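# Architecture at a glance
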Amino acid sequence: MKPKSYRKKTATKRARLAALDAVAGAGEVVQNVLAALPDLLAVAVVDARTGTSLAAHSNSADIAPATAAAFNAEVVRQKQKALTALNLIDEHIEDILISLSSQLHLMRLADGGRKFIYLAVNAHATNLAMAREVLQVQAGQL
């Protein structure tokens, strides 16, 4: 059997490699969403537990996707708690839509609710069904 110090290093190395794979996959998802919806305002792939943005892009100086990611992670966590409190055991969140006067903000959950894709688009120039479809397909890649 290998010494404990070797096992710890190996486990740490595996965790770092997994984190790098997650970030690489997140970057690819952001690029795919940007290609499908080039007029988007912002997009980010977010770790729902920590609120950390794994990858992000913004076409708007007014939206900081990393900041939005942190606040929207709290929205996701609270909604997940609400499902538990309401005893909706057989239900799971697919997406969350927040409609503003000129923007739509969508969060599509992935990886069993551990990650989500955050998307902000112009409410008047974007087809909501198209945006939801793009996020649904890309969530499957996470």
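It should be emphasised that the depicted structure is a prediction, and the values quoted were computed from it without experimental measurement.

### Brief notes about the overall build of the protein
Tallying secondary structure elements over the protein gives three helices and five strands in all. N-terminal to C-terminal, the α/β element order of the protein is α-β-β-α-β-β-β-α. Taken across its 142 residues, the protein has 35% of its residues classed as buried. If you take every contact in the protein between residues at least 6 apart in sequence, the share linking residues at least 24 apart comes to 47%. Carbon and sulfur atoms provide 55% of the accessible area of the protein, an area that totals close to 8700 Å².

### Section: the pairing of strand 4 (residues 103-110)
Taken residue by residue, a regular strand's side chains alternate between the two faces of the sheet. Counting buried positions along strand 4 yields seven of eight residues, so the element is predominantly enclosed. Bridge count between strand 3 (residues 95-99) and strand 4: five bridges; the pairing is antiparallel. Note on strand 4: the bridge partner recorded for L97 is L106. If you look at the hairpin formed by strand 3 and strand 4, you'll find three residues sitting between the two strands. Remark: four residues form the turn of the hairpin made by strand 4 and strand 5 (residues 115-122), two consecutive strands paired antiparallel; D111 in that turn has positive phi of roughly 55°.

### A look at the pairing of strand 1 (residues 42-47)
Most of strand 1 sits inside the fold, with six of its six residues counted as buried. Burial along strand 1 is two-sided: the face carrying A42, A44 and V46 and the face carrying V43, V45 and D47 are both buried. Bridge count for strand 1 against strand 2 (residues 53-58) is five bridges, and the pairing is antiparallel. Residue pairing in the sheet places V46 in a bridge with S53 of strand 2. Connecting the antiparallel pair strand 1 and strand 2 is a turn made up of five residues, with G51 showing a positive phi of about 80°. In terms of strand pairing, strand 1 meets strand 5 through six bridges, oriented antiparallel. The partner of V46 across the bridge, within strand 5, is F116.

### Some thoughts on the sheet that holds strand 3
The five strands are arranged 2-1-5-4-3 in an open sheet whose pairing can be described as antiparallel. One side of each edge strand has no neighbouring strand; the edge strands of this open sheet are strand 2 and strand 3. Each adjacent strand pair in this sheet contributes to an overall mean axis angle of 10°, direction not counted. Packing against the sheet, helix 3 (residues 128-139) makes contact with strand 3, strand 4 and strand 5, and its axis sits at approximately 25° to strand 4.

Reading guide: rules and limits
Residues numbered from 1 in each chain as written. Predicted model: local features only at pLDDT ≥ 70, side-chain atom pairs only at ≥ 80, totals over all residues. Heavy atoms only, no water. Helix = DSSP H or I, 4+ residues; strand = E, 2+ residues; numbered from the N terminus. Buried < 20%, exposed > 50% of the residue type's maximum accessible area, 1.4 Å probe, protein only. Contact = heavy atoms within 4.5 Å. Areas by Shrake-Rupley, 256 points an atom, 1.4 Å probe, with all protein chains shown as cover. Pairing = 2+ DSSP bridges. Axes fitted to C-alpha atoms, helices over the stretch in contact; angles between N-to-C directions.

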